[in-house]
Amino acid sequence: MCALNAVRSPMAEAMAKHFFGRSIYVQSAGAKKGETDPFALAVLDEIGIDARKHRPKSIEELEEWEGLNFDLIVTLSPEAHHKALDLTRTTAAEVEYWPTADPSAVQGSREQVLDAYREVRDGLMRRIKARLKS
């Protein structure tokens, strides 16, 4: 879960599904609903993961469609973390906060921006593999 379900959480969802999709159920959402970021899609493409079918959703939409029957909610932004804690006061879901920079705030050349997205992608990939390995 992140702020807009546009960059960080869709990247995390796509990678978790790619590496662990047969053994765990993964969905992402945002504190609010944004628009899928093309740079996020581009850096996932670089590692062979296609996330083009992702459609951003808010945590309220996810709760309405599927409920919040998750064992673990990983939050990537302060706004998402506070929202997850509020929503899980009466559930048994564990909430973990992985502070993750928002690469969409980076200014510069296309390559500098892509490097920021790659850094987020690679950091999330390391954490996901370490946390979800069997």
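Residues numbered from 1 in each chain as written. Predicted model: local features only at pLDDT ≥ 70, side-chain atom pairs only at ≥ 80, totals over all residues. Heavy atoms only, no water.

**Notes on the overall build of the chain**
Each helix and strand counted, the chain has five helices and two strands in total. Ordered by position from N to C terminus, the α and β elements of the chain give α-α-α-β-α-β-α. Taken over C-alpha atoms, the radius of gyration comes to 14 Å for the chain, in line with the 14 Å a tight globule of 134 residues would show. A buried classification covers 47% of the 134 residues belonging to the chain. When contacts within the chain are restricted to residue pairs at least 6 apart in sequence, those whose partners lie at least 24 apart make up 69%. Element-wise, carbon and sulfur atoms account for 51% of the exposed surface of the chain, whose accessible area totals about 7,600 Å². (Helix = DSSP H or I, 4+ residues; strand = E, 2+ residues; numbered from the N terminus. Rg over C-alpha atoms; globule rule 2.2 N^0.38 Å. Buried < 20%, exposed > 50% of the residue type's maximum accessible area, 1.4 Å probe, protein only. Contact = heavy atoms within 4.5 Å. Areas by Shrake-Rupley, 256 points an atom, 1.4 Å probe, with all protein chains shown as cover.)

**Structural notes on the environment of Asp86**
Looking at the element boundaries, Asp86 is found in helix H4 (residues 78-87). With relative accessibility at 45%, the residue Asp86 sits in the partly exposed group. Here Arg89 takes part through its side chain, which lies 2.5 Å from a polar atom of the side chain of Asp86. (Polar contact = N/O pair within 3.5 Å; in protein donor to acceptor, adjacent residues only side chain to side chain.)

**Here we look at the side chain of Ser9**
Along the chain, the position of Ser9 falls in helix H1 (residues 8-20). Within polar-contact distance, the side chain of Ser9 engages the backbone oxygen of Ala29 at 3.5 Å. With sequence-adjacent residues up to four places away left out, Ser9 is seen in contact with Met1, Cys2, Ser28, Ala29 and Leu76.

**Focus on the pairing of strand S2 (residues 94-97)**
Of the strand pairs in this sheet, strand S1 (residues 72-75) and S2 are connected by four bridges, and their pairing is parallel. Within the sheet, the bridge partner assigned to Ile73 lies in S2 and is Val95. (Pairing = 2+ DSSP bridges.)

**Looking at helix H2 (residues 38-45)**
Residues spaced three or four apart along an α-helix point in a common direction, a consequence of the helix completing one turn every 3.6 residues. Among all positions in H2, only Ala40, Leu41, Val43 and Leu44 are buried. The buried residues of H2 occupy an angular sector of 170 degrees when projected down its axis, which confines them to one face. Buried residues belonging to H2 abut H1 and helix H5 (110-132). Where H2 begins, the capping side chain belongs to Asp37, and its oxygen is found 2.7 Å from the backbone nitrogen of Phe39. (Arc of directions from axis to C-beta.)

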